[in-house]
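Fold and contact review
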Amino acid sequence: MNNVKKSIEPLRGFRELTPEEYKKKKFIIESISELFEKYGYGEVETPTVEPLSLIELKVGEEIRHRMFRFKDLGDRDVVLRPEGTISVARLVVNKMKNEPLPIRVSYVANMFRYDEPQKGRYREFTHIGFEHFGSRSVVSDIEVINIAIEALKKIGIEAFRIKLGNEAILRRILSEANIEQKEQDLLLGMLDRGENEEFFEKLSEKGEEKILNVFRELMKTKESSIGESEQTLKKILAEFPAALEEYERVRIIENFLEWKVGGKYYFDFGFARGLEYYTGIIFELYVPELGVAVGGGGRYDSLCKLLGRDLPAVGFALGVDRLMLSSQVKTAKQKSKKVGVIILEEDVETIKYAFQVVEQLKEVENLNLEIDTMGGSLGSKIERALKKNEEAIVIIGKKEQTEKHVSVKRLRDGVQKSFGYEELKREILEFIGQ
Ligand code: AMP
């Protein structure tokens, strides 16, 4: 018996949502999708199962070790996708060749990572993301950050912080020390995991004292505005013209954020993200009630080239499951009223008439109908309707069917009224109270 019970539990880190829970998730997804659409991002769909070779291209060490990978029946190495950007980039490269640039696409998709389950960390979770392809302009960086902020606001989140960093600066400094891209990926992966000691150890093996010092200084910019660390940064970066150029770009972004959200952002130039495809600005969103990021993104100008077309890109993804945990999320007020439908006699003509009435009432805006299918006496049916918070019940028996009438009982005060079939649709809302 015990075994049976155990075997029907979901796997660790996988979740089930009740209608009440799912309603919150759906609200978040629908609100944010609507916003994406307003900014011109069209929704796409990509496969849940992908070739290992595609995802391995650039997913980064951290996620690589946490993938659900297996051989399919055709002996192919496949994975349940751990993220969406690589697949979306492939779709854009292969299928949207003739679209004018920039190409804006969005997606809602479940992701799979063998993370250690805890609050806000699951093995299957939903990303709602969007990607902007074809532009190198700082305006596209700003558009993406701006939409990410708007998305939080749209679902009621006003208290948040944006953490920004820049992988172009880090990579340009590392390139200066002749550190190849593969090794850069490894080093930045260490920063992402907070393994700073290992990072410095590895870097010192290169014997580049100057670079080591630069990184020590960069680490000190944690939680700062650029203004605060401007002198330090300018001094450090003066010797790396390529990085300095990127720094000017970051200044524009900072200026925008100061105007848009005031003090709700900070820079950390020692910050890197685990995904290997980032090449420029990177950012994450935090809400004070959760210790983990609710979203992350950045610029990735070389990923599409690997897939066959040289397209710069910038994108962002929010974790819907984490947003659900935020106490700030305000789902829209339930405007719709619940009305129960009680069929008194289960003979075929009454059933047909009841469904005809339901069909009619479906057209009344903000009215949700629930047909009582549980049997029992009228009294027990009314009791159930009250438990389900229904505002009224529509009662249909043989009498109503033959006379083409419908009885409606208001549950708040027990008042009952009979309506002709034709007038019901027009008058029900007024009767039960707007
Ligand atoms: P990433 O692709 O790692 O940048 O993640 C983007 C967002 O997805 C994060 O900010 C989280 O909101 C969400 N996320 C990542 N991993 C998990 C997880 N294991 N469980 C729930 N949400 C996650």
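The following paragraphs examine the structure supplied in this document. (Residues numbered from 1 in each chain as written. Predicted model: local features only at pLDDT ≥ 70, side-chain atom pairs only at ≥ 80, totals over all residues. Heavy atoms only, no water.)

1. Here we look at unusual backbone geometry
The criterion, for reference: Strands are runs of DSSP state E lasting at least two residues, helices are runs of H or I lasting at least four, and both sets are numbered from the N terminus onward. Partly exposed residues are those whose accessible area sits between 20% and 50% of the maximum for their type, while under 20% is buried and over 50% is exposed, using a 1.4 Å probe and protein chains only.
Cis peptide bonds are those with omega within 30 degrees of zero, and the linkage from L101 to P102 qualifies with 0°. If you trace the backbone, P102 turns up in the loop between α5 (85–95) and β5 (103–112). Positive phi, normally seen in glycine, also occurs at N178, with a value near 60°. For N178, the position within the fold is in the loop between α7 (167–176) and α8 (181–192). The phi dihedral of N366 falls on the positive side, at around 60°, and the residue is not glycine. Relative to the elements of secondary structure, N366 occurs in the loop between α15 (348–361) and β13 (367–371). According to the relative accessible area criterion, N366 is partly exposed, its value standing at 35%.

2. Topic: the site of the ligand
For clarity, the cut-off: Only heavy atoms are used to decide nearness, and a residue is near a molecule or strand if one of them lies within 4 Å of it. Residues adjacent in sequence count toward polar contacts only when both atoms are side-chain atoms; beyond that, a polar contact is any pair of N or O atoms within 3.5 Å, and within protein one must be able to donate a hydrogen and the other to accept it. Residue exposure ignores everything except the shown protein chains as possible cover, and the areas themselves are Shrake-Rupley values with a 1.4 Å probe. Throughout this entry, Asp, Glu, Lys and Arg are counted as charged residues, while Ala, Val, Leu, Ile, Met, Phe, Trp, Tyr, Cys and Pro are counted as nonpolar. The remaining residues, Gly among them, count as polar.
Surveying the vicinity of the ligand reveals 16 residues, the closest of which are R113, D115, Y122, H127 and R273. In the model, a nitrogen atom of the ligand is placed 2.7 Å from a nitrogen or oxygen of the D115 side chain. Within the side chain of R273, an N or O atom sits 2.3 Å from an oxygen atom of the ligand. When the ligand sits alone it has 490 Å² of accessible area, and the protein chains cover 91% of it. Broken down by secondary-structure element, the contributors of at least two residues to the shell around the ligand are β6 (124–133), β10 (295–299) and β11 (313–319). Looking at side-chain class alone, the shell around the ligand contains six nonpolar, five polar and five charged residues.

3. Structural notes on the sheet that holds strand β16 (residues 416–420)
Which entries qualify depends on this criterion: We treat two strands as partners when DSSP finds at least two bridges between them. Axes here refer to lines fitted to C-alpha atoms; in helices the fit is confined to the stretch in contact. Angles between the N-to-C directions go from 0 to 180 degrees.
Reading across the sheet, the five strands line up as β13-β12-β14-β15-β16 and stay open at both edges, with mixed pairing between neighbours. Edge positions in the sheet fall to β13 and β16, since each has one partner strand and no second. This sheet shows a mean twist of 30° between the axes of neighbouring strands, independent of strand direction. As paired strands, strand β12 (residues 337–343) and β13 are joined by five bridges and run parallel to one another. What sits directly across from V339, in β13, is L369.

4. A closer look at the sheet that holds strand β7 (residues 161–166)
Pairing between the strands of a sheet is mediated by backbone hydrogen bonds and can be parallel or antiparallel. Read from one edge to the other, the open sheet built from eight strands follows the order β1-β5-β6-β11-β10-β9-β7-β8, with strand pairing classed as mixed. The sheet is open, and its two edges are formed by β1 (42–43) and β8 (265–267), each paired on a single side. Relative to β8, β7 runs parallel, the two sharing three bridges. Looking across to β8, one finds that I162 is bridged to Y265.

5. Things to note about the nonpolar core
Side chains of nonpolar character tend, in soluble globular proteins, to be buried together. Short version of the rule: Definition of nonpolar core: a set of buried residues of the types Ala, Val, Leu, Ile, Met, Phe, Trp, Tyr and Cys, connected through side-chain atoms within 4.5 Å. We call two residues contacting when some pair of their heavy atoms lies within 4.5 Å.
Of all hydrophobic cores here, the largest spans 70 residues; its most connected members are I162, L164, I173, F215 and L257. With nine residues, the single largest contributor to this core is helix α6 (residues 138–154). Aside from chain neighbours lying at most four places away, what touches I173 is I211, V214, F215, L218, L237, F240 and A243. Counting 34 residues, the second largest nonpolar core, distinct from the first, contains V44, I63, A89 and M111.

6. Quick look at the pattern of salt bridges
Heads up, the condition is: What makes a salt bridge here is a side-chain nitrogen of Lys or Arg within 4 Å of a carboxyl oxygen of Asp or Glu, nothing more.
Scanning all chains against the criterion turns up 41 salt bridges. In this structure, K154 and E34 form a salt bridge, with 3.2 Å as the shortest nitrogen-oxygen distance. One end of the pair, K154, is in helix α6; the other, E34, is in helix α2 (residues 19–38), and 120 residues separate them in sequence. The class for K154 is partly exposed, based on a relative accessible area of 33%. For E34, a relative accessible area of 45% corresponds to the partly exposed category.

7. Some remarks on empty space enclosed by the protein
The line we're drawing: Residues are said to line a cavity or pocket when one of their atoms sits within 4 Å of a point; the points come from a 1 Å grid over protein atoms alone, cavities being sets where a 1.4 Å probe fits but cannot get out and pockets being open sets with protein on both sides within 12 Å along at least five of seven lines. Grid points are joined across faces, edges and corners, and a volume is the space filled by probe spheres set on the points.
Counted under the stated rule, the structure contains one cavity of 30 Å³ or more. The volume enclosed by the largest cavity comes to roughly 60 Å³. Lining the largest cavity are 13 residues, with D185, L188, G189, G274 and E276 sitting closest to its centre. Top contributing element to the lining of the largest cavity by residue count: α8, with three residues. Considered class by class, the residues forming the lining of the largest cavity number two nonpolar, three polar and eight charged.

8. Thoughts on the pairing of strand β9 (residues 281–286)
The buried count for β9 comes to six of six residues, which makes it a mostly enclosed element. On β9, burial covers both faces: I281, F283 and L285 on one face and I282, E284 and Y286 on the other are all buried. Examined bridge by bridge, β7 and β9 share six bridges and lie antiparallel to one another. Looking at the pairing, R161 lines up with Y286 of β9. The pairing of β9 with β10 spans four bridges and is antiparallel. Residue pairing for β10: I282 is matched across the bridge by G298.

9. Looking at α15
Put simply, the test is: By definition here, a helix of n residues has an expected span of 1.5 Å times n minus one. Note: the arc covers the axis-to-C-beta directions of the helix.
Here α15 spans 20 Å end to end across 14 residues, near enough to the 20 Å set by a 1.5 Å rise per residue. The complete set of buried residues in α15 reads T350, Y353, A354, V357, V358, Q360 and L361. When α15 is viewed along its axis, its buried side chains cluster within an angular range of 160° and face the same direction. Looking at the packing, one finds that the buried side of α15 touches β12, β13, β14 (392–396), α17 (398–403), β15 (405–410) and α18 (421–432).

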